[in-house]
Amino acid sequence: MTQSVPSALHTSKLHSLPLLARGKVRDNYAVGNDRILMVASDRLSAFDVIMGEPIPGKGALLTQMALYWFDKLRDICPNHLTGDAPESVVQPDEVPQVAQRSMLVKRLKPVPIEAVVRGYLAGSGWKEYQESQAVCGVPLPAGLVNSAKLPEPIYTPAAKAEAGEHDENITFERTVEIVGPELAAQIRDLSIAIYKKAASIALEKGMIIADTKFEFGLDENGKLVLMDEVLTPDSSRYWPVEGYADALAHGTNPPSYDKQFVRDWLEQAKVNGKPWDKTAPAPRLPQEVIDKTAAKYREALERLTA
């Protein structure tokens, strides 16, 4: 089946709604006082730097994947979806910017914690483990190797940073200081429960969710609600089961469905003859990297929803 390649949207420009904020990927617009239109652009960020080149179709794929997971996880935790069509709150000439890539959501009070759950040792977690045999203060058994499955998923929260800054890994005790013991424990336990269910569903589809991050908000009654994106390749490290055992045996990173392809290219990219220092502006992404990244996102969604 041949699919048409959608036109890329680097930055949305809606004139009928006030812009609240532009994130690394999403542009958020106010819809009255109680709703937000979240438009997922085709921007891609790596190392907290937004690339200059969009990944065609990425925003729509992220949105469809998030909607898939919100539906699967409804029994564990309420989410921020209103059920209303995003196209219903914009002008007709703005619909092409919104269709398939947007969510119309409830306006919540964000909890300033990134709820990170790791089921496997990878990325920064692997680097930290090599130095301290722990990840974010959580001690782990000796002898683990890169991409090893952990005995049990661990909760390693981060404090949300201002735009353009790196999120800071923090201990669970620090989250207690930020939001109080009851809410901190609720976020931790809910995050692990969501991860376990999602990891089980993904595994049935031949995919491993190595780690992920969730964001929560509080509604007008103080109830905890899952918000933002959920379990997309932008917020999660997905590995196909094929190739995992070989990577584990060799201590290498498994092939992935996330941004690792771009990260790996950037790690060896040079600017003025020197390695890129991971500050803006980013090096220009070659077309091959753009195309392969777009294909990875498509494959992840197709495999998950097949």
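Before reading further, recall that the structure is shown in the block above.
This one's a predicted model, so the numbers in the text were calculated from it and none came from an experiment.

Here we come to the pairing of strand E6 (residues 102-106). Burial of E6 is extensive: 4 of the 5 residues sit out of reach of the surface. Bridge analysis of strand E3 (residues 35-40) against E6 gives 5 bridges, and the strand direction is antiparallel. Looking at the pairing, Arg35 lines up with Lys106 of E6.

Assignment of secondary structure puts Ser147 in the loop between strand E10 (138-139) and strand E11 (149-155). The residues contacting Ser147, other than those within four sequence positions of it, are Tyr120, Leu121, Trp239, Tyr244, Ala247, Leu248, Thr252 and Pro254.

Of note, Arg26 is situated in strand E2 (residues 26-31). A distance of 3.3 Å separates a polar atom in the side chain of Arg26 from a polar atom in the side chain of Glu229. Excluding residues within four positions of it along the chain, Arg26 makes contact with Ala21, Met38, Val39, Ala40, Arg43, Leu62, Asp228 and Glu229.

Pairing between the strands of a sheet comes from backbone hydrogen bonds, and it takes one of two forms, parallel or antiparallel. With antiparallel pairing, the 4 strands of this open sheet are ordered in space as E1-E2-E3-E6. Only two strands of the sheet have a single partner each, and these edge strands are strand E1 (19-22) and E6. Ignoring strand direction, the axes of neighbouring strands in this sheet form an average angle of 20 degrees. Bridge count for E2 against E3 is 6 bridges, and the pairing is antiparallel. For Arg26, the partnering residue across the bridge sits in E3 and is Ala40. Sheet strands in contact with helix H1 (residues 58-72) are E2, E3 and E6, and its direction is about 45 degrees off that of E6.

Okay, unusual backbone geometry next. Of note, the amide linkage connecting Ala280 to Pro281 takes the cis form, showing an omega dihedral of 0 degrees. Here Pro281 lies in the loop between strand E18 (274-275) and helix H8 (287-305). Look at Cys136: it is not a glycine, yet its phi comes out positive at around 50 degrees. You can see Cys136 is positioned in the loop between strand E9 (134-135) and E10. By relative accessible area, which is 10% here, Cys136 ends up buried. Phi is positive for Leu231, close to 55 degrees, though the residue is something other than glycine. Structurally, Leu231 can be placed in the loop between strand E15 (224-227) and strand E16 (236-240). Here Leu231 falls in the buried class, since its relative accessible area comes to 0%.

A few words on the nonpolar core. Judged by nonpolar contacts, the single largest core of 62 residues is most densely connected at Trp69, Phe214, Phe216, Val230 and Leu231. Take this core: its biggest share by element is 10 residues, from helix H5 (residues 181-204). Once residues within four sequence positions are removed from consideration, Phe214 is found in contact with Ile113, Glu114, Ala115, Val117, Ser191, Ile194, Tyr195, Leu226, Val230 and Leu231. Counting residues in each nonpolar core, the second largest holds 11 residues, with Leu17, Val31, Leu37 and Leu104 among its members.

Let us now look at the pairing of E3. Where burial is concerned, most of E3 is hidden: 5 out of the 6 residues are buried. Once E2 ends, the chain turns through 3 residues before running back antiparallel as E3, passing Gly32 with a positive phi of about 65 degrees.

Below, the discussion takes up the packing of H1 against H8. Two elements in contact, H1 and H8, have axes separated by 10 Å at closest approach and are oriented at 25 degrees. Of the possible angle classes, the one that applies to H1 and H8 is roughly parallel. Read as a crossing pair, H1 and H8 show a hand that is left-handed. Counted together, Lys58, Leu61, Leu62, Gln64, Met65, Tyr68 and Trp69 of H1 and Ala294, Tyr297, Arg298, Ala300, Leu301, Leu304 and Thr305 of H8 form the full contact between these two elements. Partitioning the contact of H1 with H8 into residue classes produces 10 nonpolar, 2 polar and 2 charged.

Cut-offs used in this document
- Residues numbered from 1 in each chain as written.
- Predicted model: local features only at pLDDT ≥ 70, side-chain atom pairs only at ≥ 80, totals over all residues.
- Heavy atoms only, no water.
- Buried < 20%, exposed > 50% of the residue type's maximum accessible area, 1.4 Å probe, protein only.
- Helix = DSSP H or I, 4+ residues; strand = E, 2+ residues; numbered from the N terminus.
- Pairing = 2+ DSSP bridges.
- Contact = heavy atoms within 4.5 Å.
- Polar contact = N/O pair within 3.5 Å; in protein donor to acceptor, adjacent residues only side chain to side chain.
- Axes fitted to C-alpha atoms, helices over the stretch in contact; angles between N-to-C directions.
- Core = buried A, V, L, I, M, F, W, Y, C linked by side-chain atoms within 4.5 Å.
- Parallel < 35°, antiparallel > 145°, perpendicular 65-115°, else oblique.
- Left-handed = near helix turned anticlockwise from the far one by under 90°.
- Nonpolar A, V, L, I, M, F, W, Y, C, P; charged D, E, K, R; others polar.

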